[in-house]
Amino acid sequence: MQAKTSKNREQKIAYFMDLLSHDVLNNNQAVLGYLELILASSVIDKKTRKYAEKAVSHIRTSTILVDNVKRLMVTRDLSPSELKPTDLLAAMNGAEREVVRMFPDRKIGVKIPAGPKQVLVIGDGAAGDLVLNMLVSMVRLDSSNSVTLELKMSETVSRGRKYWQVTLADPTAEMPKIAKDRSIEEAYDEDSSIAVKMVGILYCRMMAEMLGGGFEVRELNPKSESKGALFVATLLQAGEA
Amino acid sequence: MTSVLIVDDELFIVELYRDILQLRGYKIVGTAFDGEEAVRKYSATPEKPDVIIMDHRMPVMNGVQATREIIRMNPKQKVIFVSADVMVEKEARDAGAVDFLPKPFRMDDLIDKMHKVSEQ
């Protein structure tokens, strides 16, 4: 009886989350549209244009956050075997376009590996969200104006199951110490204000685990002064769930 | 001039599309605030719009159902589906929508799609 009540309550919360997210996205659409109208005006000065462009990029960030919430709500009730295969290369290309648009005042370069035509992993749209969150989180760790990110892929086998390992490297990123090997529960319990700052990384870790894989954060060059950062996501190959 | 019917249950969204599309030289031939109103207005209009911009989550009749009805009346009608519900894309395309844009989108992306669709 208690389990049933708790399930009903969870379902109700899921409905509200869905309705609220939908409303936020509609409002983001209106703000984005009117900002674009301002930007299209020929009479605005340079400074105002810059402010409006910054606001546009924050709308995109806000939308990604809402999408993350929606994705978590959908994915949490599914096992990896219930998720459709998705093409990792297509996800990388889509995420590259997106991250460049999100930071219009910075020069972002993303190197994507040339590989087979399709690299299928389990994850439906969640795998694409994961790659985008990796890129965005890395850019946030890098204060330089010109950011070069490099994605690589390799196949690994663990406990008899095949995975695609995706690494994202940035030699000029500065990794927060707390980001290493920390679960969301630990980070939140310790100091939720720190957890807020690394929410993108924590999201990647949680999502990768929900998809049957894992996520690690490492220093790229531990021995040099500028250590850089490396994200390693491991995702189950399609058909391995 | 490309003619457009806008279907969305949020007045502020309808106004936004109207403001932008008119500025870009499109002719807004009608607006509807739910799927049923869209179907009714569509069937009553002798001169069909070149493009319909269709939302999904609306009262009375949703966008997928409305698209299906409209395509049944006129299989050549161009419907661009716009929705915050990305999971509905396949259903929208199966119903006959020629393209899909997840909300929020840049207006340039909508204009690009309108351009491509009206040239098909």
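Predicted model only: the values in this text are computed from it and were never measured.

Quick notes on the rules
- Residues numbered from 1 in each chain as written.
- Chains lettered and ligands numbered in written order.
- Predicted model: local features only at pLDDT ≥ 70, side-chain atom pairs only at ≥ 80, totals over all residues.
- Helix = DSSP H or I, 4+ residues; strand = E, 2+ residues; numbered from the N terminus.
- Rg over C-alpha atoms; globule rule 2.2 N^0.38 Å.
- Buried ≥ 20, exposed ≤ 12 C-beta atoms within 10 Å, placed from the backbone.
- Contact = placed C-beta atoms within 7 Å.
- Pairing = 2+ DSSP bridges.
- Nonpolar A, V, L, I, M, F, W, Y, C, P; charged D, E, K, R; others polar.
- Axes fitted to C-alpha atoms, helices over the stretch in contact; angles between N-to-C directions.
- Parallel < 35°, antiparallel > 145°, perpendicular 65-115°, else oblique.
- Left-handed = near helix turned anticlockwise from the far one by under 90°.
- Domains from an automatic or database assignment.
- Right-handed = clockwise from strand over helix to strand, strands pointing away.
- Expected span 1.5 Å × (residues − 1).
- Arc of directions from axis to C-beta.
- Core = buried A, V, L, I, M, F, W, Y, C linked by C-beta atoms within 7 Å.

### Thoughts on the overall build of chain A
Turning to step 1, where the next piece is worked out: Per the secondary structure count, chain A includes seven helices and seven strands.
Turning to step 2, where the next piece is worked out: Traced from its N-terminal end to its C-terminal end, chain A shows the element sequence α-α-β-α-β-β-α-β-β-α-α-α-β-β.
Turning to step 3, where the next piece is worked out: Here chain A has a C-alpha radius of gyration of 19 Å; the compact-globule value for 241 residues is 18 Å, and the two agree.
Turning to step 4, where the next piece is worked out: Taken along the three principal axes of its C-alpha coordinates, chain A extends 60 × 55 × 40 Å.
Turning to step 5, where the next piece is worked out: Per-residue burial over chain A gives 36% buried out of 241 residues.
Turning to step 6, where the next piece is worked out: Taking contacts inside chain A between residues at least 6 apart in sequence as the whole, the part at least 24 apart equals 73%.

### Considering the pairing of strand E2 (residues 107–111) of chain A
All names here are of chain A.
Turning to step 1, where the next piece is worked out: Here E2 shows a buried face lined by Ile-108 and Val-110 and an unburied face lined by Lys-107, Gly-109 and Lys-111.
Turning to step 2, where the next piece is worked out: The pairing of E2 with strand E4 (residues 146–158) spans five bridges and is parallel. In the strand pairing of E4, Lys-107 is matched with Ser-146.

### Some details on the interface of chain A and chain B
Turning to step 1, where the next piece is worked out: Contacts between the two partners involve 14 residues from chain A, matched on the other side by 13 residues from chain B.
Turning to step 2, where the next piece is worked out: Listing elements by their share of the side of chain A that touches chain B, those giving two or more residues are helix H1 (2–40) and helix H2 (46–75) of chain A.
Turning to step 3, where the next piece is worked out: Class assignment of the residues belonging to the side of chain A that touches chain B gives a composition of six nonpolar, seven polar and one charged.

### Re the sheet that holds strand E1 (residues 3–7) of chain B
Residue and element names in this part refer to chain B.
Turning to step 1, where the next piece is worked out: The strand order across the open sheet built from five strands is E2-E1-E3-E4-E5, with neighbouring strands paired in parallel fashion. Each end of this open sheet is capped by a strand with a single partner; those strands are strand E2 (27–32) and strand E5 (99–102). Adjacent strand axes in the sheet meet at a mean angle of 20° when their direction is disregarded.
Turning to step 2, where the next piece is worked out: Where E1 and E2 come together, five bridges link them in parallel fashion. Residue pairing across strands places Ile-6 opposite Thr-31, the latter belonging to E2.

### Some words on the packing of helix H2 (residues 35–44) of chain B against helix H3 (residues 63–73) of chain B
Residues and elements named next belong to chain B.
Turning to step 1, where the next piece is worked out: The contact between H2 and H3 brings their axes to 8 Å, and the two run at 15°. Comparing their axes, H3 and H2 come out roughly parallel. Crossing geometry of H2 relative to H3 is assigned as right-handed. The residues of H3 that touch H2, namely those facing Gly-35, Ala-38, Val-39, Tyr-42 and Ser-43, are Gly-63, Gln-65, Ala-66, Glu-69, Ile-70 and Met-73.
Turning to step 2, where the next piece is worked out: Of the residues contributing to the contact of H2 with H3, the split by class is six nonpolar, four polar and one charged.

### Thoughts on the domain arrangement of chain A
Residue and element names in this part refer to chain A.
Turning to step 1, where the next piece is worked out: For chain A, the assigned domains are domain 1 (2–75) and domain 2 (80–236).
Turning to step 2, where the next piece is worked out: The distance between the C-alpha centroids of domain 1 and domain 2 comes to 22 Å.
Turning to step 3, where the next piece is worked out: In this assembly, ten residues from domain 1 lie in contact with 13 residues from domain 2.
Turning to step 4, where the next piece is worked out: Grouping the amino acids of the side of domain 1 that touches domain 2 by side-chain chemistry returns one nonpolar, four polar and five charged.

### Looking at the pairing of E5 of chain B
All names here are of chain B.
Turning to step 1, where the next piece is worked out: One ladder, built from four bridges, connects strand E4 (residues 78–83) with E5; its direction is parallel. Each residue of the ladder has a partner; that of Val-82, found in E5, is Leu-101.
Turning to step 2, where the next piece is worked out: Following the chain from E4 across helix H4 (residues 89–95) to the adjacent parallel E5, one finds a crossover that is right-handed.

### Considerations on the sheet that holds strand E7 (residues 229–236) of chain A
Residues and elements named next belong to chain A.
Turning to step 1, where the next piece is worked out: If you trace the five strands from one edge of the open sheet to the other, you get E2-E4-E5-E7-E6, paired in mixed fashion. The open sheet has two edge strands with one neighbour each: E2 and strand E6 (214–218). When the angles between neighbouring strand axes are averaged without regard to direction, this sheet yields 20°.
Turning to step 2, where the next piece is worked out: Sheet topology places E4 next to strand E5 (residues 161–170); nine bridges connect them, and they run antiparallel. Directly across from Met-153, in E5, lies its bridge partner Val-166.

### Observations regarding helix H5 (residues 107–119) of chain B
Residue and element names in this part refer to chain B.
Turning to step 1, where the next piece is worked out: Its 13 residues give H5 an end-to-end C-alpha distance of 18 Å, which sits within 8% of 18 Å, the value for a rise of 1.5 Å per residue.
Turning to step 2, where the next piece is worked out: The complete set of buried residues in H5 reads Met-107, Leu-110, Lys-113 and Met-114. Down the axis of H5, the smallest arc covering the buried residues is 120°, so these residues share one side. Away from its buried face, by an angle of more than 90 degrees, H5 presents the exposed residues Asp-108, Asp-109, His-115 and Glu-119.

### Looking at H2 of chain B
Residues and elements named next belong to chain B.
Turning to step 1, where the next piece is worked out: Buried within H2 we find Gly-35, Ala-38, Val-39 and Tyr-42. Projected onto a plane normal to the axis of H2, the buried residues spread over an arc of 95° and lie on a single side.
Turning to step 2, where the next piece is worked out: Where H2 is buried, its residues touch E1, E2 and H3.

### Quick look at the nonpolar core
When a protein is soluble and globular, its nonpolar side chains tend to lie buried together.
Turning to step 1, where the next piece is worked out: Core analysis: the biggest nonpolar cluster contains 52 residues, and Leu-135, Met-138, Cys-204 and Leu-235 of chain A have the highest contact counts within it.
Turning to step 2, where the next piece is worked out: Top contributing element to this core by residue count: helix H4 (residues 124–141) of chain A, with eleven residues.
Turning to step 3, where the next piece is worked out: Not counting chain neighbours up to four residues away, the residues in contact with Leu-235 of chain A comprise Val-121, Ile-122, Gly-123, Ala-127, Tyr-163, Trp-164, Val-166, Ala-208, Leu-211 and Gly-213 of chain A.
Turning to step 4, where the next piece is worked out: Residues Ile-6, Val-7, Leu-16 and Ala-92 of chain B belong to the second largest nonpolar core, which totals 32 residues.

### A closer look at the environment of Gly-160 of chain A
Turning to step 1, where the next piece is worked out: If you trace the backbone, Gly-160 of chain A turns up in the loop between E4 and E5.
Turning to step 2, where the next piece is worked out: On a C-alpha basis, the gap between Gly-160 of chain A and Glu-240 of chain A in space is 9.4 Å, while along the polypeptide they are 80 residues apart.

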